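# Reading the structure
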Amino acid sequence: MSTPNGLDHVRPVFRRILLQGAVLAGALAVIGGVVGWFVAGGPGLTGGLIGAVMSVVFCGLTAVSVLLAIRFSGGQMISGAFFGTIMGTFLVKFVLFIVVLVALKDRDWVNTPVLAIAIIIGVIGSLVIDVTVIARARVPIGVELPGDRTDAEDRDPAA
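Residues numbered from 1 in each chain as written. Predicted model: local features only at pLDDT ≥ 70, side-chain atom pairs only at ≥ 80, totals over all residues. Heavy atoms only, no water.

The chain is annotated in an unreviewed UniProt entry as ATP synthase protein I of Curtobacterium salicis.

This is the structure in structure tokens:
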């Protein structure tokens, strides 16, 4: 049996984030699309759907970047590989976001207010998911606390 690393304990947490992010994106696509359709017709529907897709992509990239960073850093969360992977992914997301917004600027087939609202709701929703999943996670930190010794160690100090 191999020794556990940070990835063994963190992987289920970020899988849960990815799953809940996908559920959020599906709900946002349905609700944003329907509301967008009633507000602005076809362009509103398109704006709501694109906003939902952008939300799930950026939420997913965050979770995937942490998983990749832990893998690249060999399970050590305090390393250059870890922070380099996280920052590199952040820069890619930032550039991708700007490129998508510039590409969609002044398009007749996209209602930009609906798109912006869908993106904002997606970002807030993904932050809520991140906070709740991380707050409920029970990831061991590998520090021996007082009282963690076994009864045999208490009775026999040489053990």
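With that settled, consider the overall build of the chain. On a plain count of helices and strands, the chain comes out with five helices and zero strands. Residue pairs in contact within the chain that sit at least 24 positions apart in sequence constitute 72% of those at least 6 positions apart. Summed over all atoms, the accessible surface of the chain reaches about 10,300 Å², with 71% contributed by carbon and sulfur. (Helix = DSSP H or I, 4+ residues; strand = E, 2+ residues; numbered from the N terminus. Contact = heavy atoms within 4.5 Å. Areas by Shrake-Rupley, 256 points an atom, 1.4 Å probe, with all protein chains shown as cover.)

A few words on the side chain of Thr 89. Mapped onto the elements of the fold, Thr 89 is located in helix α3 (residues 80-104). Judged by relative accessible area, Thr 89 falls into the buried class, the value being 18%. (Buried < 20%, exposed > 50% of the residue type's maximum accessible area, 1.4 Å probe, protein only.)

Here we take up helix α4 (residues 112-136). With 25 residues, α4 should reach 36 Å at 1.5 Å per residue; the first-to-last C-alpha distance of 36 Å fits that figure. Within the span of α4, buried status applies to Val 114, Leu 115, Ala 118, Ile 119, Gly 122, Gly 125, Ser 126, Ile 129 and Val 133. A side-chain oxygen of the first residue of α4 lies 3.1 Å from the backbone nitrogen of Val 114; this N-cap is Asn 111. (Expected span 1.5 Å × (residues − 1). Polar contact = N/O pair within 3.5 Å; in protein donor to acceptor, adjacent residues only side chain to side chain.)

On to the environment of Leu 45. With respect to the helices and strands, the residue Leu 45 is situated in helix α2 (residues 42-72). Judged by its relative accessible area of 30%, Leu 45 falls in the partly exposed class. For the pair formed by Leu 45 and Ile 31, sequence separation is 14 residues and the distance between their alpha carbons is 9.7 Å. Dropping the residues within four chain positions of it, Leu 45 is found in contact with Gly 33, Gly 36 and Trp 37.

A word on a nonpolar patch on the surface. On the surface, Met 87, Phe 90, Leu 91, Phe 94, Val 95, Ile 98, Val 99 and Val 102 cluster together to form a nonpolar patch covering roughly 770 Å² of accessible area. On the basis of relative accessible area, Val 102 is assigned to the exposed category, the value being 58%. (Patch = residues over 30% accessible without salt bridge, like charges linked within 9 Å, V, L, I, M, F, W, Y side chains within 5 Å. Salt bridge = Lys/Arg side-chain N within 4 Å of Asp/Glu carboxyl O.)

We now examine the packing of α2 against α4. It is the contact of α2 with α4, at a shortest axis distance of 7 Å, that shows an interaxial angle of 30 degrees. It follows that α2 is roughly parallel to α4 by the angle criterion. Considering only the axes of α2 and α4, their crossing is right-handed. Residues Gly 44, Gly 47, Gly 48, Ile 50, Gly 51, Ala 52, Met 54, Ser 55 and Cys 59 of α2 form the contact with α4, whose own contacting residues are Val 114, Leu 115, Ala 118, Ile 119, Gly 122, Val 123 and Ser 126. Counted by class, the contact of α2 with α4 contains nine nonpolar, seven polar and no charged residues. (Axes fitted to C-alpha atoms, helices over the stretch in contact; angles between N-to-C directions. Parallel < 35°, antiparallel > 145°, perpendicular 65-115°, else oblique. Left-handed = near helix turned anticlockwise from the far one by under 90°. Nonpolar A, V, L, I, M, F, W, Y, C, P; charged D, E, K, R; others polar.)

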